[in-house]
Amino acid sequence: MRLICIVSFAFCLSLLPTGCGGTTPSSPCGASLCATGQACTAASDCQSAVCTAAVCAAPTCTDGIKNGTETDADCGGACGKCVDTKGCAAAADCQSGVCTGTACAVPSCTDKVKNGTETDADCGGACGKCGAGKACAAPGDCLSTLCMSNLCIAGTCLDKIKNNTESDVDCGGDACPKCTVDMACVAPTDCQTGACDQNKCALVPTLSKITPALGPSTGNTPFTLMGDGFQTTGTTVTIDGVAAASLQLMSPQQISAISPVRPGKAGKVDVVVTNGNGHKATLTQAFKYFYGNLTFGAGVTLGTGSSPNGIVVADLNGDGKLDMATGNFNSSNISVLIGVGDGTFKTAVNYPAGSSTGFIVAGDFNGDMKPDLAATNLGTNNVSIFIGIGDGTFKAAVNYLVGTSPLALSTGDFNGDKKLDLVIANRDSGNVSILQGVGDGTFKAAVNITSGKSPVSVVTGDFNGDTKLDMAVSNLGDNNVAVFLGNGDNTFKGAALYTAGTGAGVMSMGDLNNDSYPDLVVPNLGSNNVSIFLGKSDGTFQAAVNFGTGMTPVGAALVDFNLDGYLDVITANNGSSTVSVLLGKGDGSFQAATSLLGVTGAYIPATGDFDGDGRPEVVASNKSYGTITLFKNTAQ
């Protein structure tokens, strides 16, 4: 056996003088591959796998064979880099710079290697644009489109080039100013107007003001809209959803038009401008309609005690519906009429008072949040206090002495103790009485202040803005108004006198010119007019301006009948048995009076929305009878 192996080995050595190569699967001998320069008979004998002229040749990068340090035929290792999908041992073997497993990967824009047509790692060439500081070959390789010395440089919002994230030259994107109308955009945030339509910034209107902001429901009020971005064509304007007429585009900032008719409409409504491109702007609750047709239904009489004088309107039973109470001169009692809420009332319930009951007011005198009543009694020179139960009924009267022949009265907190006091005009003693409230429904003894000849009414308010309550008294016999500024402790400064018409009657108070200062309205029985005293900030008043009424206006009241935001005046005219309505213009002046007929012995007016439709009604006492007359507001 040993002899056979020796013989075989000798035979194998005889095949090649070098003792290498020749190994094949069928060969009985085994030997190593031959190095460069050794003899060979076939390529398989050589380490280089190249046998040329019976000699093993050295490996080269062009011999078409994977040899030497190559990772694939003629590439990798010491040879050139391999193309995609060729074998590799490391990233350096690959043209793409990416060796995945044992093969070179195809270049991508996310492999974090500069390869393919990229000018820097994952950018430039066929990949996305490169940021500042990255390598580039051309401007198109850079976000900024600025390639200098083969480096991308940062773009700016002033370089007059569309670059970085800009949607157009030097605008849009996340760093530059927003683009103007018609410039390119990608999103609404690129545009000054906030609108990007089909990749262009669109014109969007804005609204700042409408003048005037008030008009009748009958329409035809010329108005001007101010704003910006109004298109020259296709623009429309609507008020309360109805198209305005006669629209004229004065400029991109101004439109003129005429308000549409809105029958029966009162209140604030929206104004909308819509450009031809569909973009719109809204002024919310910017235009106010008021009733352009002020009308009243026929008078309806309601029964009371005999010869009602004063009327007070309040929710006496807490059901959210307005009720009324009257002071009845001939029957010496008060009548309480509970409202149903539809403009009708339950049958009056009467409560005895003193003698010759006249005027009446409501207030919470005992702090229980339930309305109480106070009525003057001319025949007994006292005031009757009726404490409310809260259900529209009242306790028996408790009386407090005041001056002689008390007439109209008013409530107020004259000493700042948060308890209601009363002030009463005493016709025949020429003074007013202050009844200081204790807070439990009782009052201290009256303190009298001289006011003038035959005072018939008194109103209270803060005339000079010092938070201390003041009062004004109409003196029938002196044809004037006495104004007393309060000291805040139930005392008052000396009276300032203002001349009214002849026979100053039962006055009212309110802000007639919207300047936030109280104004006075005094009906003049002898001159058949009302005197308007416009208040100033210091508690003084302008000289009277007079407006005509019916004959012998006894009392006046204030309310906004047509809902235009301006107070109107009504007077009850005893001499002509009418009620006069004077519509306010908002500046302290009034339209000519119109009359409501059929109020026999008209004496004192009052107002309230008795049917809940938002339109205040008129009610007036008929001193000659045991009734009051109610006129339903039917304005449209």
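Everything discussed here concerns the structure shown above.
Residues numbered from 1 in each chain as written. Predicted model: local features only at pLDDT ≥ 70, side-chain atom pairs only at ≥ 80, totals over all residues. Heavy atoms only, no water.

### Digging into the overall build of the protein
In plain terms, the rule: Segments assigned H or I by DSSP are reported as helices when at least four residues long, segments assigned E as strands when at least two residues long, and all are numbered from the N terminus. All radius of gyration figures rest on C-alpha atoms, and the globule criterion is 2.2 Å times the number of residues raised to 0.38. Accessibility here uses a 1.4 Å probe with only protein chains present; expressed as a share of the type maximum, an area under 20% marks a residue as buried, one over 50% as exposed, and anything in between as partly exposed. Two residues form a contact once any of their heavy atoms are found within 4.5 Å.
Secondary structure assignment for the protein yields one helix and 45 strands. Relative to the compact-globule value of 26 Å for 636 residues, the protein shows a C-alpha radius of gyration of 51 Å, a clear excess of over 25%. Considered along the principal axes of its C-alpha atoms, the protein spans approximately 165 × 65 × 45 Å. Every one of the 636 residues in the protein was classed for burial, and the buried ones make up 46%. If you take every contact in the protein between residues at least 6 apart in sequence, the share linking residues at least 24 apart comes to 37%.

### Observations regarding the layout of surface pockets
Rules: Here a cavity is any set of points on a 1 Å grid over the protein atoms alone where a 1.4 Å probe fits but cannot get out, and a pocket is any open set with protein on both sides within 12 Å along at least 5 of 7 lines; a residue lines the site when it has an atom within 4 Å of a point. Grid points are joined across faces, edges and corners, and a volume is the space filled by probe spheres set on the points. Side-chain classes are defined by residue name, with Ala, Val, Leu, Ile, Met, Phe, Trp, Tyr, Cys and Pro counting as nonpolar, Asp, Glu, Lys and Arg as charged, and the others, Gly among them, as polar.
Estimates place the volume of the largest pocket at around 650 Å³. Along the walls of the largest pocket sit 27 residues, with Ile311, Ile360, Val361, Leu409 and Met507 positioned nearest its centre. Its residues assigned to classes, the lining of the largest pocket shows 20 nonpolar, seven polar and no charged. Together, 14 residues line the second largest pocket, and Leu407, Arg427, Val456, Val554 and Tyr603 are the ones closest to its centre.

### Let's talk about the nonpolar core
The test is simple: Within this scheme, the nonpolar core is defined by two criteria: the residues are buried Ala, Val, Leu, Ile, Met, Phe, Trp, Tyr or Cys, and they are joined through side-chain atoms within 4.5 Å.
Within the largest apolar cluster, 22 residues are counted, with the highest numbers of intra-cluster contacts made by Phe359, Ala374, Val383, Ile385, Leu409, Leu422 and Leu435. Put simply, the parts of the chain that give this core at least two residues each are β23 (357–363), β25 (382–386), β27 (406–412), β28 (421–426) and β43 (602–608). With three residues, the single largest contributor to this core is β27. Look past the residues within four positions of Ala374 in its chain and what remains in contact with it is Phe359, Ile360, Val361, Phe365, Val383, Ser384, Ile385, Leu409 and Leu422.

### Description of the state of the cysteines
Just so we agree on the cut-off: Two cysteine sulfurs form what is called a disulfide whenever their separation falls within 2.5 Å.
By the definition in use, this model includes 15 disulfides. Disulfide pairing places Cys40 opposite Cys51 at an S-S distance of 1.9 Å. Every disulfide takes its handedness from the sign of the S-S torsion; for Cys40 and Cys51 that torsion is 95°, giving right-handed. Taken together, the positions of Cys40 in the loop between α1 (2–15) and β1 (51–52) and Cys51 in strand β1 put the pair 11 residues apart, joining distant regions of the chain. For Cys40, a relative accessible area of 4% translates into the label buried.

### Focus on the sheet that holds strand β31 (residues 455–461)
The line we're drawing: Whether two strands pair depends on DSSP finding at least two bridges between them. Every axis in this analysis is a line fitted to C-alpha atoms, fitted for helices over the stretch in contact. Angles between the N-to-C directions lie between 0 and 180 degrees.
Strand order in the open sheet formed by four strands is β31-β32-β33-β34, and the pairing between neighbours is antiparallel. The two strands at the open ends of the sheet, each matched to only one other strand, are β31 and β34 (496–499). In this sheet, adjacent strand axes meet at a mean angle of 20° when their direction is disregarded. Strand direction decides the pairing type here: strand β32 (residues 470–475) and strand β33 (residues 480–484), joined by five bridges, are antiparallel. Residue pairing in the sheet places Met471 in a bridge with Phe484 of β33.

### Details of the pairing of strand β15 (residues 254–258)
As defined by bridge partners, strand β11 (residues 222–228) adjoins β15 across five bridges and the pair is classed as antiparallel. By the bridge assignment, Phe223 is partnered in β15 with Ala257. Pairing between strand β14 (residues 245–251) and β15: four bridges, direction antiparallel. Bridge assignment links Gln248 to a residue of β15, and that residue is Ser256. If you look at the hairpin formed by β14 and β15, you'll find two residues sitting between the two strands.

### Topic: the pairing of β23
In terms of burial, β23 is largely enclosed, as six of its seven residues are buried. As defined by bridge partners, β23 adjoins strand β24 (residues 372–377) across five bridges and the pair is classed as antiparallel. When the bridges of β24 are listed, Gly363 appears paired with Asp372.

### Digging into the pattern of salt bridges
Selection rule: The salt bridge definition used is simple: a Lys or Arg side-chain nitrogen within 4 Å of an Asp or Glu carboxyl oxygen.
For the structure shown, the criterion picks out six salt bridges. The partner of Asp240 in a salt bridge is Arg262, and the shortest N-O contact between them spans 2.7 Å. Of this pair, Asp240 sits in the loop between β12 (236–239) and β13 (242–243) while Arg262 sits in the loop between β15 and β16 (267–274), and the two are 22 residues apart along the sequence. Asp240 gets classed as partly exposed once you look at its relative accessible area, which sits at 23%. The exposure class of Arg262 is partly exposed, given its relative accessible area of 21%. Salt bridges sharing partners connect three or more residues here, namely Asp611, Asp613, Arg615 and Lys632.

### Let's talk about the side chain of Thr571
Quick reminder of the rule: What qualifies as a polar contact is a pair of N or O atoms within 3.5 Å, subject to a donor-acceptor requirement within protein and to the restriction that residues adjacent in sequence count only when both atoms come from side chains.
With respect to the helices, strands and loops of the structure, Thr571 is situated in strand β40 (residues 568–573). A polar contact of 2.9 Å, which involves the side chain of Thr571, links it to the side chain of Asn573. Other than its neighbours up to four places away in sequence, Thr571 contacts Val530, Thr549, Pro553, Gly555, Ala556, Thr578, Val579, Ser580 and Pro605.

### Considering the sheet that holds strand β17 (residues 280–290)
Spatially, β10-β17-β16-β12-β13 is the arrangement adopted by the five strands of the open sheet, whose pairing is mixed. Of all the strands in the sheet, the pair left with one neighbour each is β10 (214–216) and β13. As paired strands, β10 and β17 are joined by three bridges and run parallel to one another. Within β17, the residue paired with Pro216 across the bridge is Phe290.

### Brief notes about unusual backbone geometry
Here the bond from Thr211 into Pro212 is cis, since omega is -10°, no more than 30 degrees from zero. For Pro212, the location among the structural elements is in the loop between β9 (206–211) and β10. Of note, Asn528 is a non-glycine position whose phi angle comes to about 55°, a positive value. Within the fold, Asn528 resides in the loop between β36 (519–524) and β37 (529–533). By relative accessible area, which is 28% here, Asn528 ends up partly exposed.

These values are about where atoms sit, not about what they do.
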